[in-house]
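Tertiary structure, described
This is what each chain is made of:
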Amino acid sequence: MSENRRSNHVFHSRAGRPVIGISTYVERARWGVWDTAAALLPRSYVDAVVLAGGVPVLLPSVGEDTGALAAVDGLVLAGGADVQPARYGRDPHPRTVARPERDAYEFALLHAALARGLPVLGVCRGMEVLNVALGGTLTQHLPEVTGTTEHQPAPGRYGSTVVTLAEGSRAARILGPEAACQCYHHQAVERLGAGLRAVGWARDGTVEAVELPGEHFVLGVQWHPEQDLQDVRLFAALVEAGEHARKAEKANR
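What this report covers is the structure whose coordinates are included nearby. (Residues numbered from 1 in each chain as written. Predicted model: local features only at pLDDT ≥ 70, side-chain atom pairs only at ≥ 80, totals over all residues. Heavy atoms only, no water.)

Focus on unusual backbone geometry
One non-glycine residue, C124, lies in positive phi territory at about 55 degrees. Turning to its location among the elements, C124 is positioned in the loop between β6 (120-123) and α4 (125-133). You can call C124 buried: its relative accessible area is 5%. (Helix = DSSP H or I, 4+ residues; strand = E, 2+ residues; numbered from the N terminus. Buried < 20%, exposed > 50% of the residue type's maximum accessible area, 1.4 Å probe, protein only.)

Digging into the pairing of strand β13 (residues 218-221)
A two-sided burial pattern is seen for β13, the buried positions comprising V218 and G220 on one face and L219 and V221 on the other. Looking at chain direction, β6 and β13 are connected through 4 bridges and run parallel. The partner of L121 across the bridge, within β13, is L219. The pairing of strand β12 (residues 207-211) with β13 spans 3 bridges and is antiparallel. The partner of E211 across the bridge, within β13, is L219. If you look at the hairpin formed by β12 and β13, you'll find 6 residues sitting between the two strands, and G214 has a positive phi there, around 130 degrees. (Pairing = 2+ DSSP bridges.)

Looking at the sheet that holds strand β11 (residues 197-201)
Working definition: the strands of a sheet are paired by backbone hydrogen bonds and lie parallel or antiparallel to each other. With mixed pairing, 9 strands are arranged side by side in an open sheet as β4-β1-β5-β6-β13-β12-β11-β8-β9. Of all the strands in the sheet, just β4 (55-59) and β9 (178-183) have a single pairing partner and so form its edges. When strand polarity is set aside, the average angle formed by the axes of neighbouring strands in this sheet is 25 degrees. Strands in contact with helix α2 (residues 43-51) are β1 (19-23), β4, β5 (74-77) and β6; relative to β4, the strand with the most contacts, it is inclined by about 150 degrees. (Axes fitted to C-alpha atoms, helices over the stretch in contact; angles between N-to-C directions. Contact = heavy atoms within 4.5 Å.)

Here it is, written out as structure tokens:
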């Protein structure tokens, strides 16, 4: 297929609602009679994108081929395991659990998305990927800094926190000055990546939201907005940004 014909095919497949790619977990999983390796994603991400007016497409975190970005209008980097500390020059903490294969794909995916100007929303791990990909570092076990486990109270149990958002930030324009959030993270931003601005903080000072200032939608949140399907404003903002990006791409053809 020629480049022009391939571009036309992609455009026609995207003629309806904005298509939002979501990176997946790569884990061993059980369902039915099966117990095997799987590329999977909690359904709440999919539901959040649908409720926000987008069409969700899962992007399996395998390999480093980012060609699938040609078919999407925006990107969600989903939550999951820790970023491999070697990527920010640290030895692993005993509590760090990394997925190097997933790192390889998502770092490549993010850099390609940023180069194309695609809207990006990073969720929990996704915010950490954004920070490290831009040269930042992470605190590997937050309770050693804060003295509490309120950001990750127990395995499989979300914590509750109130995040204060910086006036004038993209996050505040979407959510207002504060957001009540469900969180599940034992790591956090230590040093910000190049160009990133911290725009949200928990009461203990933990950075809970970052963004790249400027025209393009690039936002990371440390909490899990997909856990509240009554409030999909972050996903709706991503879908809207994807629609604008698609129209701009069409105008430049």
